[in-house]
Amino acid sequence: MYKMKNRKFIAFLIIVILIVLIIGNSLLSTKNVYEKEVDGHNGPIRVEVKIFNDIIEEIKILEHNETIEVVESTLDLIPKNIISRQSGNIDLITGATITGQAIIDAVSQCAKKAGLDLFSIKANQTNDINYNQKEYINVDVVVIGAGGAGLSAAVSASQHGASVLVIEKMTEIGGNTVRSIGMYNAVNPELQKPLGINDSEDIFFQETFLGGKELADPKLVEILTSQAYAGMLWLEDLGVKFDTQVDSCLGGEYARGYYTMSHNGSDYIKSLNKYCTNNEVDILLETKGTSLIVEDNKITGIIAKQHNKEIIITANKGVVIATGGFGYNIEKRMDYDNSLTADMLCSNAPGTTGDGIEMAKDVGANLINMEYIETYPLGDAYDGGLRNNIPDSINNGILINSDGKRFIAEDANRDNLSESILAQNEGFAYSVVDSDYLKDEKDIAYLEGLVSTGVVTKTFNIEELASKLMVDQNILEDEINKYNKFVDNQNDKDFNRKNLINKIDEPPFYYAKKKPTIHYTLGGIQINENTSVINTQGKVIKNLFAAGEVTGGIHGANRLGGNSLPDIIVFGKIAGYNAAMN
Ligand SMILES: Cc1cc2nc3c(=O)[nH]c(=O)nc-3n(C[C@H](O)[C@H](O)[C@H](O)COP(=O)(O)OP(=O)(O)OC[C@H]3O[C@@H](n4cnc5c(N)ncnc54)[C@H](O)[C@@H]3O)c2cc1C
C-alpha cells in the first residue's frame with residue numbers, strides 16, 4: 001500500500017517536473033514580437049519585429065504612408081538585409097534613404113527591447129561562424145558578380161548544360177542593374193513603326209558608334225545593336241514583361257527604349273534570379289572574389305573570401321568576370337579623371353569598386369578607354385540617385401539656372417549637359433515642367449508622389465515659381481515666353497534645341513533641383529566577340545570571359561542612354577554560352 005502511494009507520488013512528481021520544464025523552456029525561448037512606430041518621409045511607419053533566441057527572424061512593415069513607387073525596393077530589401085546580416089550596418093538605397101533609415105531605427109529599437117544591440121559586434125556574430133576555415137568547390141562555370149551581366153551569363157551557361165556558381169560580395173544581388181530605370185534599347189519595328197519611328201539596326205549602329213566618338217570596337221557595337229532585340233525576347237521567355245511605351249532616353253536621339261512594366265531594373269534581376277533558384281544555380285552572397293587562379297597559362301578558378309572563410313572555387317570550363325564598373329571607387333575614378341572628386345554625387349551601387357578590373361589586370365588583361373567616365377547630368381541633387389526624376393522632363397521641360405535663365409539645348413548629349421550644368425553658379429540646375437504634357441495617370445500619380453516627398457516642388461503660377469526658385473520673376477517670365485515662342489516657330493534661336501514639343505504654359509508648374517552625378521564607367525577589360533578577355537599582347541586569356549560594365553570597348557567615349565541594359569544582357573548571354581561550351 002505504502003509502495004503504491006509512493007509510486008503514484010513519484011509519477012505525479014515526474015509530470016510536474018515535465019510541465020515545469022516545458023513551460024520554463026518555452027518561457028526561456030519565447031518568440032518575442034515587438035512593435036515600433038517611427039517617422040518616415042511622409043508620416044509614421046509601423047514596424048513589427050519577431051526575435052527568437054537573440055535572432056531577428058522576421059520584420060514586417062505594418063503601416064506606412066510612403067510613396068510606393070519611390071520606396072518599393074527599400075521596403076523589400078532593408079528588412080531582408082537586416083535579417084541576413086543580423087545588423088543595422090547595411091547600405092541604404094538612393095532615393096529612399098529617409099525611409100530606409102527609419103526602418104533600421106524601428107528595428108534597432110525593437111532589438112533593444114529584446115536586449116540586442118543591432119550595431120554591436122554581438123549582433124554580427126553570425127558572420128564569424130566560419131572563422132579561418134577553407135572550403136573547396138568545383139563547378140563548370142563560376143561567375144563573379146550577381147548583377148544583370150553576371151546573372152545573364154549564369155542563366156545562359158546553365159541553359160547550355162553547365163553547372164554554375166555565382167558569387168556576389170554584397171548582402172544582396174542586383175548591383176547597378178537593380179537600381180536602373182530599366183530602359184532597354186532595341187530596334188523593334190512592331191512597336192516603332194506604328195509610331196512613325198523609322199529605325200533600323202544600321203541607324204542604331206551608327207548612332208551608337210558615332211555617339212561613342214568612334215572609339216568603340218565596331219565588331220562589338222555590331223553585336224550589341226543587332227542582338228539587342230533577341231536579348232529582349234530571351235528576357236521575355238524568362239518572365240520579364242515589357243511595357244509597350246517606346247521612349248528615347250536622355251542622350252539618345254531615336255525612340256527605341258522599352259521599359260519593363262515597373263520601369264525598374266529589379267524586373268530583370270527578379271526573373272534572372274528566379275531561373276537560378278529553379279535550376280540549381282547557386283548564388284553565394286557576401287562572397288568576394290579576390291584573385292584568379294592561373295595554371296598552365298589558363299584560368300582555372302577563383303579565390304574568394306566569405307567573412308573570414310577562404311573559398312577556393314575551381315572551374316572546369318571558365319570564369320566570367322561580371323563585377324560591374326568602378327563609379328563608387330573615388331580613388332580609382334580620380335586616377336583616370338581627377339575632376340571627379342569625392343564631393344561629387346554618385347548614382348552607383350556600393351559594390352561597384354572595380355574589383356574585376358584589378359583581378360583581370362593581375363593576370364595580364366588589357367584595359368581600354370578607362371579615362372571615359374560618364375556623369376548623369378540630372379541626378380537627384382540630394383542623394384545622386386536617378387529614381388526621383390520628373391517623368392520625361394528632358395523632352396518636355398526646360399533647365400533653368402540660379403539666375404532664372406536657360407543655358408543649353410536641353411536635348412544635348414550627356415557630356416555637354418553635365419559640363420554645362422557644372423559650369424553654372426553652384427553647379428546645379430532646376431528641371432522645370434508644366435502640367436499638360438503628362439497624359440498617363442500613372443506618371444501623374446508618380447509626380448504627385450514626388451511632390452509629397454519634397455523632392456519635387458509644385459507651384460501654381462510663374463510668380464510662385466520665381467519666388468520658390470529665388471530668381472527674378474521678370475527674367476524667368478521672359479525666358480519662358482521666349483522658349484514658348486521657339487516651340488511655336490520650331491526654332492530655338494538661343495541654343496538650337498531640336499526637340500521642341502511642349503510649351504511651359506500650363507500651371508501648375510513643377511520643378512526639381514538637379515546635379516550631375518557619377519553614373520557609368522565606360523572603360524574596362526578588353527574583350528573579343530566571344531567575350532574572351534584579351535591580354536596586353538592582344539591574345540586571348542584562356543578560360544577567362546568578361547561581360548557588362550566591367551568591360552570597355554562597347555560604348556567608346558560616350559554611351560547612349562538605354563544602351564547598357566542590352567549590353568549586359570547580350571554580352572552576358574554570350575559569355576555564359578562560350579564558358580559553358582569551352
Ligand atoms: C541609377 C542608375 C540607373 C540606370 N538606368 C539605366 C537604364 O535605364 N538603361 C540602361 O541601359 N542603363 C542604365 N544604367 C546603367 C546600367 O544599369 C548598368 O551599367 C548595368 O546595370 C551594369 O550591369 P553589370 O551587371 O555589368 O553590373 P552590376 O549590375 O553593377 O553588377 C555587378 C555586381 O558585381 C558585384 N561585385 C563587384 N565586385 C565583386 C567581387 N569582387 N566579388 C563578387 N561580386 C562582386 C557587385 O556587388 C554587383 O552586384 C543605370 C545605372 C544606374 C546606376
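In this text, all values refer to a predicted model and were calculated from it rather than measured experimentally.

### Examining the site of the ligand
So, point 1. Close to the ligand lie 42 residues; E168, T177, M183, E549 and S564 are nearest.
So, point 2. A distance of 2.8 Å is found between an oxygen atom of the ligand and a backbone nitrogen or oxygen belonging to A149.
So, point 3. Here a nitrogen atom of the ligand and a backbone polar atom of K169 are 3.2 Å apart.
So, point 4. For the shell around the ligand, the secondary-structure elements that each account for two or more residues are α4 (148-159), α5 (175-179), β10 (287-295), α11 (355-362), β19 (509-521) and α17 (564-580).
So, point 5. Here the shell around the ligand takes four residues from α5, the largest share from any one element.

### Some remarks on the pattern of salt bridges
So, point 1. In the structure shown here, the tally under the stated rule is 23 salt bridges.
So, point 2. For D199, the salt bridge goes to R256, with nearest N and O atoms at 2.7 Å. With D199 in the loop between α6 (189-192) and α7 (201-211) and R256 in the loop between β7 (242-247) and β8 (257-260), this pair connects stretches of sequence that are 57 residues apart.
So, point 3. Judged by its relative accessible area of 13%, D199 is buried.
So, point 4. Here E464 ties to K468 by a salt bridge, and the two come within 3.1 Å at their closest N and O atoms. Of this pair, E464 and K468 are both found in helix α15 (residues 462-469), four residues apart, which corresponds to roughly one turn of the helix.
So, point 5. Since its relative accessible area comes to 39%, K468 is described here as partly exposed.
So, point 6. Beyond isolated ion pairs, a larger network of salt bridges with shared partners links R406, E410, D492 and R497.

### Considering the domain arrangement of the chain
So, point 1. The domains assigned to the chain are domain 1 (31-124), domain 2 (137-372 + 522-580) and domain 3 (375-518).
So, point 2. Each partner contributes residues to the interface: domain 2 has 27 residues there, and domain 3 has 23 residues.
So, point 3. Of the roughly 1800 Å² buried where domain 2 meets domain 3, counting both sides, 52% is carbon and sulfur surface.
So, point 4. Counting across the interface, domain 2 meets domain 3 through one salt bridge.
So, point 5. A salt bridge links K213 to D415; its shortest N-O distance comes to 3.3 Å.
So, point 6. Elements supplying a minimum of two residues to the side of domain 2 that touches domain 3: α5, β7 and β13 (345-346).

### Points about the packing of helix α8 (residues 218-237) against α17
So, point 1. One way to put it is that α8 packs onto α17 with a least axis distance of 8 Å and a crossing angle of 90°. Here α8 lies roughly perpendicular to α17, going by the angle between them. Here L220, I223, L224, Q227, A228, G231, W234 and L235 of α8 come into contact with α17, specifically with P566, D567, I569, V570, F571, K573 and I574.
So, point 2. Looking at the contact of α8 with α17 residue by residue, the class counts come to 11 nonpolar, two polar and two charged.

### Describing the nonpolar core
So, point 1. Within the largest apolar cluster, 86 residues are counted, with the highest numbers of intra-cluster contacts made by V143, Y184, L292, I313, I321, I525 and F571.
So, point 2. Core analysis: the next-biggest nonpolar cluster, separate from the first, contains 23 residues, V38, V47, I51 and I90 among them.

### Looking at the packing of aromatic side chains
When we look at a pair of aromatic rings, we describe it by the centre distance and by the angle of the planes.
So, point 1. Summed over the entire model, instances satisfying the criterion amount to seven aromatic pairs.
So, point 2. Judged by centre distance (5.1 Å) and plane angle (80°), the ring pair of F428 and Y430 falls under edge-to-face. Y430 matches F428 in its accessibility class, with the two residues each being buried.
So, point 3. An aromatic cluster of at least three residues, connected via ring pairs, comprises Y184, F242 and Y268.
So, point 4. Here the guanidinium or amino end of K332 rests over the ring plane of F326, the centre of that ring lying 5.7 Å away.
So, point 5. In this structure, R559 is placed above the aromatic ring of Y520, and the distance from its NZ or CZ to the ring centre is 4.2 Å.

The rules behind the values
- Residues numbered from 1 in each chain as written.
- Predicted model: local features only at pLDDT ≥ 70, side-chain atom pairs only at ≥ 80, totals over all residues.
- Heavy atoms only, no water.
- Near = heavy atom within 4 Å.
- Polar contact = N/O pair within 3.5 Å; in protein donor to acceptor, adjacent residues only side chain to side chain.
- Helix = DSSP H or I, 4+ residues; strand = E, 2+ residues; numbered from the N terminus.
- Salt bridge = Lys/Arg side-chain N within 4 Å of Asp/Glu carboxyl O.
- Buried < 20%, exposed > 50% of the residue type's maximum accessible area, 1.4 Å probe, protein only.
- Domains from an automatic or database assignment.
- Contact = heavy atoms within 4.5 Å.
- Buried area = accessible area lost by both parts, 1.4 Å probe.
- Axes fitted to C-alpha atoms, helices over the stretch in contact; angles between N-to-C directions.
- Parallel < 35°, antiparallel > 145°, perpendicular 65-115°, else oblique.
- Nonpolar A, V, L, I, M, F, W, Y, C, P; charged D, E, K, R; others polar.
- Core = buried A, V, L, I, M, F, W, Y, C linked by side-chain atoms within 4.5 Å.
- Phe/Tyr/Trp six-rings, centres within 6.5 Å; stacked < 30°, edge-to-face > 60°.
- Lys NZ or Arg CZ within 6 Å of the ring centre and 35° of its normal.

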